[in-house]
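For reference, the chains in residue letters:
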Amino acid sequence: MVCQECQQRPAALHFTKVVNGEKTEVHLCEVCAQDKGDAFLASDASAFSFNNLLAGLLNITPVVQQPNQSQHSDKETIRCKECELTFPQFLKIGKFGCPSCYESFREELPPILKRLHSGNAIHQGKLPEREGGSIHVKRKISELRTELKELVKEEEFEKAAGVRDHIRSLEKDIDQQGGDQP
Amino acid sequence: MTLEKFLTKAVTSWMNEEGPYSEIVLSSRIRLARNSKHHSFPTVFTEKEAADVSQKVKDSMQKAGESLELLEMKELQELQKRVLVEKHLISPNLAEDSASSAVWLSDEEDISIMVNEEDHLRIQCLYPGLQLKEGLRKANELDDAIEEHFDYAFDEQLGYLTTCPTNVGTGLRASVMMHLPGLMMTNQMNRIIPAIGQFGLVARGIYGEGSEALGNIFQISNQTTLGKSEEDIVEDLLRVVHQIIAQEKAAREALVQTSGVQLEDRVLRSYGVLRYSRIIESIEAAKCLSDVRLGIDLGYIKDVPRTILNELMILTQPGFLQQYAGGFLRPFERDLRRASLIRERLEMDDSQLKGGTDL
Ligand SMILES: [Zn+2]
Ligand SMILES: [Zn+2]
């Protein structure tokens, strides 16, 4: 069956939507399903739950990605140390319980995130001023390293030395701040 | 209340002002999802935590000196909440679970910050026309101001942590609302919607259900929030939006050239329906409003402002109709009210043009 939204990809998720007592079949591919939820919520008559939709989407992930039996049984016991949400519960509702869930499920998340974010699992965007931590400095260092390479290539050794010193002093700052490893 | 008075209160800037490319782009929206690192997400948090988040936001807002007005959901009546939903200022979710949820609104209603929706904070900027960069700038400003006094849940690898894994990273949803009658009439949307998907974007009708787009209005937004910077997300969206604008313009030109009379006939018939009908359902109203708006863009209709589509698509929704009527309306009553509201609104422009009074 073809996805009713894009008419292109095969439909992977099938639902019955009930609006004012009237049942409608919904067939979506995973791509369309991901963002479809908001649209249904926005229409005032709809009693359609995006949670179920996403849960369906996430649930497929570990089975497809990790056929390994022993790993799968481990997952049953993974539990967030803060809010006590288990990994299977997360898969079922498609939502985290608290910020610590991300830490507790860290090992399991990359395939799910990659699936949701076209192959990406690392943040490249804004850093909050206070909570950003040493990553501000780390990003600056990696910028400077690129600059350093350019300068060396252009044989601007004097400037390169300056940049190298800057990098070193930034690295020292991170070491002294301690806490997390640079 | 007279319609004019009602409108001054009901219509917000993104509905009745024009922005860049506003012949095709009705509005631009930026939304940032943020959470407190000290509290459970709204999925599982307790009443006490919810109240605490709400208080912390209040403190941060006061310290930040933002002059936004606080509306607490528990203080609002059903109809008031519904109107806020129809104006896109709050989500249906926020309206439903109201214990400690709230929204901070700017005077112009171009800024709204939802508290305790799916995430602790949803910072939203909504501008007329194509103004994504302006929206992002403003949203970032607000975000920075709040962060000074509010501890965000943030992870070096994963970025801003959100309740739903679809928002993690930037927490950014950038979207534009576009009026695309030309592409619809020339049957090109079926081709464009899946093509947009290739760029990590999604297009959908925002009124009506499923694939049916009422009023030929589509919302184009980014689908992924992780792995790209906010600026790149907005740039990529803009690039695609500009292409769609060009294709829509080409489609309109082709329609005028190949079937100008038919198009003019269709536009003016729809105008006639809006001006003279006594009963009109929302689907027909949306179709006619879209036609009339296209007619204005193409110069077939000269004495009606362009923003009529933006404005009336929203004002003819059930919540607004009932607010204007001052109480509950059955569907048939709504159809009567809808027709009369549209007629009155169009007549208002006549008198406005003659008398030159300002709204
Ligand atoms: Zn699809
Ligand atoms: Zn947790």
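Residues numbered from 1 in each chain as written. Chains lettered and ligands numbered in written order. Predicted model: local features only at pLDDT ≥ 70, side-chain atom pairs only at ≥ 80, totals over all residues. Heavy atoms only, no water.

Looking only at helices and strands, chain B features 13 helices and ten strands. A compact globule built from 359 residues should have a C-alpha radius of gyration of about 21 Å, and chain B, at 21 Å, falls within 12% of that. Each principal axis of the C-alpha atoms in chain B carries an extent, and together these give about 65 × 45 × 35 Å. The 359 residues of chain B split such that 61% are buried. Partitioning the intrachain contacts of chain B with sequence separation of at least 6 by distance along the chain shows that 72% fall at a separation of at least 24. Carbon together with sulfur atoms contributes 48% to the accessible area of chain B, which is approximately 14,200 Å² in total. Counting 40 positive and 56 negative side-chain charges, chain B places the centres of these two groups 4 Å from one another. (Helix = DSSP H or I, 4+ residues; strand = E, 2+ residues; numbered from the N terminus. Rg over C-alpha atoms; globule rule 2.2 N^0.38 Å. Buried < 20%, exposed > 50% of the residue type's maximum accessible area, 1.4 Å probe, protein only. Contact = heavy atoms within 4.5 Å. Areas by Shrake-Rupley, 256 points an atom, 1.4 Å probe, with all protein chains shown as cover. Lys, Arg positive; Asp, Glu negative; His and termini not counted. Charge placed at Lys NZ, Arg CZ, Asp CG, Glu CD.)

Next up on the list: the interface of chain B and chain A. With 58 residues of chain B at the contact, the number on the chain A side is 53 residues. Taking both sides of the interface into account, the surface hidden between chain B and chain A amounts to around 4,600 Å²; carbon and sulfur atoms contribute 54%. Along the contact surface separating chain B from chain A lie four salt bridges. The interface formed by chain B and chain A holds 17 residue pairs in polar contact (both at pLDDT 80 or more) in total. The set of elements that each furnish at least two residues to the side of chain B that touches chain A consists of helix H5 (92-96), helix H6 (132-147), strand S6 (154-155), strand S7 (159-160), strand S9 (201-205) and strand S10 (217-222) of chain B. It is H6 of chain B that contributes the most residues to the side of chain B that touches chain A, four residues altogether. In terms of residue class, the side of chain B that touches chain A is built from 17 nonpolar, 25 polar and 16 charged. (Buried area = accessible area lost by both parts, 1.4 Å probe. Salt bridge = Lys/Arg side-chain N within 4 Å of Asp/Glu carboxyl O. Polar contact = N/O pair within 3.5 Å; in protein donor to acceptor, adjacent residues only side chain to side chain. Nonpolar A, V, L, I, M, F, W, Y, C, P; charged D, E, K, R; others polar.)

Take the coordination of the zinc ion (ligand 2) next. All names here are of chain A. Within the protein, Cys 80 (SG), Cys 83 (SG), Cys 98 (SG) and Cys 101 (SG) serve as the donor atoms for the zinc ion (ligand 2), at 2.3 to 2.4 Å. Geometry at the zinc ion (ligand 2) is tetrahedral, judged from its four donor atoms and the angles of 98 to 123 degrees they form at the metal. Sequence spacing among the residues donating to the zinc ion (ligand 2) works out to C-x2-C-x14-C-x2-C. With Cys 80 in the loop between helix H3 (69-77) and helix H4 (87-93) and Cys 98 in the loop between H4 and helix H5 (99-104), this pair connects stretches of sequence that are 18 residues apart. For the pair Cys 80 and Cys 98, one class covers both residues: buried. (Donors = N, O, S within 2.8 Å, 3.2 Å for Na, K, Ca; no water. Tetrahedral: all angles 85-135°; square planar, octahedral: opposite > 155°, others 65-115°.)

Right, let's get into a negative patch on the surface. A surface patch of negative charge is lined by Glu 17, Glu 69, Asp 107 and Glu 108 of chain B. As for its position among the elements, Asp 107 of chain B is in the loop between strand S3 (102-105) and strand S4 (111-115). (Patch = residues over 30% accessible without salt bridge, like charges linked within 9 Å, V, L, I, M, F, W, Y side chains within 5 Å.)

All names here are of chain B. For the pair H6 and helix H9 (residues 230-276), the least separation of the axes is 10 Å and the interaxial angle reads 160 degrees. Viewed along their axes, H6 and H9 adopt a mutual orientation that is roughly antiparallel. The handedness of the crossing between H6 and H9 is right-handed. Note on element contacts: H9 touches H6 through Glu 230, Glu 231, Val 234, Glu 235, Leu 237 and Leu 238, opposite Leu 132, Lys 133 and Leu 136. Its residues assigned to classes, the contact of H6 with H9 shows five nonpolar, no polar and four charged. (Axes fitted to C-alpha atoms, helices over the stretch in contact; angles between N-to-C directions. Parallel < 35°, antiparallel > 145°, perpendicular 65-115°, else oblique. Left-handed = near helix turned anticlockwise from the far one by under 90°.)

Bringing the UniProt feature "domain: UVR" (unreviewed entry) in chain A into the picture now. Mapped onto the present numbering, the UniProt feature "domain: UVR" (unreviewed entry) falls at residues 138-173 of chain A. Counting secondary structure, residues 138-173 of chain A comes out at 92% helix and 0% strand; the distance between its end C-alpha atoms is 10 Å. (UniProt positions renumbered as here; feature names shortened; annotations may be inferred.)

Under the defined criterion, the tally for this structure stands at 32 salt bridges over all chains. The salt bridge partner of Asp 155 of chain B is Arg 106 of chain A, with a shortest N-O separation of 2.4 Å. Linking Asp 155 of chain B in strand S6 with Arg 106 of chain A in the loop between H5 and helix H6 (109-116), this pair reaches from one chain into another. Classification of Asp 155 of chain B as buried rests on a relative accessible area of 11%. By relative accessible area, which is 23% here, Arg 106 of chain A ends up partly exposed. Put simply, Arg 122 of chain B and Glu 118 of chain B hold a salt bridge, and the shortest N to O gap is 3.3 Å. Each member of the pair, Arg 122 of chain B as well as Glu 118 of chain B, is classed as buried.

For the coordinates displayed, the defined rule picks out eight aromatic pairs over all chains. On the numbers, 4.3 Å between centres and 15 degrees between planes, the contact of Phe 90 of chain A with Phe 96 of chain A is stacked. The same class applies to Phe 90 of chain A as to Phe 96 of chain A, namely buried. Centre to centre, the rings of Phe 96 of chain A and Tyr 102 of chain A are 4.0 Å apart; their planes meet at 35 degrees, and the pair counts as tilted. Each member of the pair, Phe 96 of chain A as well as Tyr 102 of chain A, carries the same accessibility label: buried. An aromatic cluster is defined as three or more aromatic residues linked by ring pairs; in this entry it consists of Phe 87, Phe 90, Phe 96, Tyr 102 and Phe 105 of chain A. Of note, Arg 34 of chain B hangs over the ring of Tyr 152 of chain B, and the distance from its end group to the ring centre comes to 5.8 Å. Above the face of the Tyr 160 of chain B ring, Arg 34 of chain B is positioned so that its terminal group lies 3.4 Å from the ring centre. (Phe/Tyr/Trp six-rings, centres within 6.5 Å; stacked < 30°, edge-to-face > 60°. Lys NZ or Arg CZ within 6 Å of the ring centre and 35° of its normal.)

Our next topic: helix H8 (residues 189-197) of chain B. Within H8 of chain B, burial applies to Met 189, Ile 192, Pro 194 and Ile 196 of chain B. Packing partners of the buried residues in H8 of chain B comprise helix H7 (181-185), S9, S10 and H9 of chain B.

Entries for chain B in the domain assignment read domain 1 (1-6 + 28-169) and domain 2 (251-349). Averaged C-alpha coordinates put domain 1 of chain B and domain 2 of chain B at centres separated by 32 Å. (Domains from an automatic or database assignment.)

The sites that carry the UniProt feature "coiled-coil region" (unreviewed entry) are, in the present numbering, residues 134-161 of chain A. What you have in residues 134-161 of chain A is 86% helix and 0% strand, and the ends, taken at the C-alpha atoms, are 24 Å apart.

What follows concerns a nonpolar patch on the surface. All names here are of chain B. A contiguous nonpolar surface patch, about 280 Å² in accessible area, is contributed by Ile 279, Phe 332 and Leu 336. Within the fold, Ile 279 resides in the loop between H9 and helix H10 (282-298). For Ile 279, a relative accessible area of 45% puts it in the partly exposed group.

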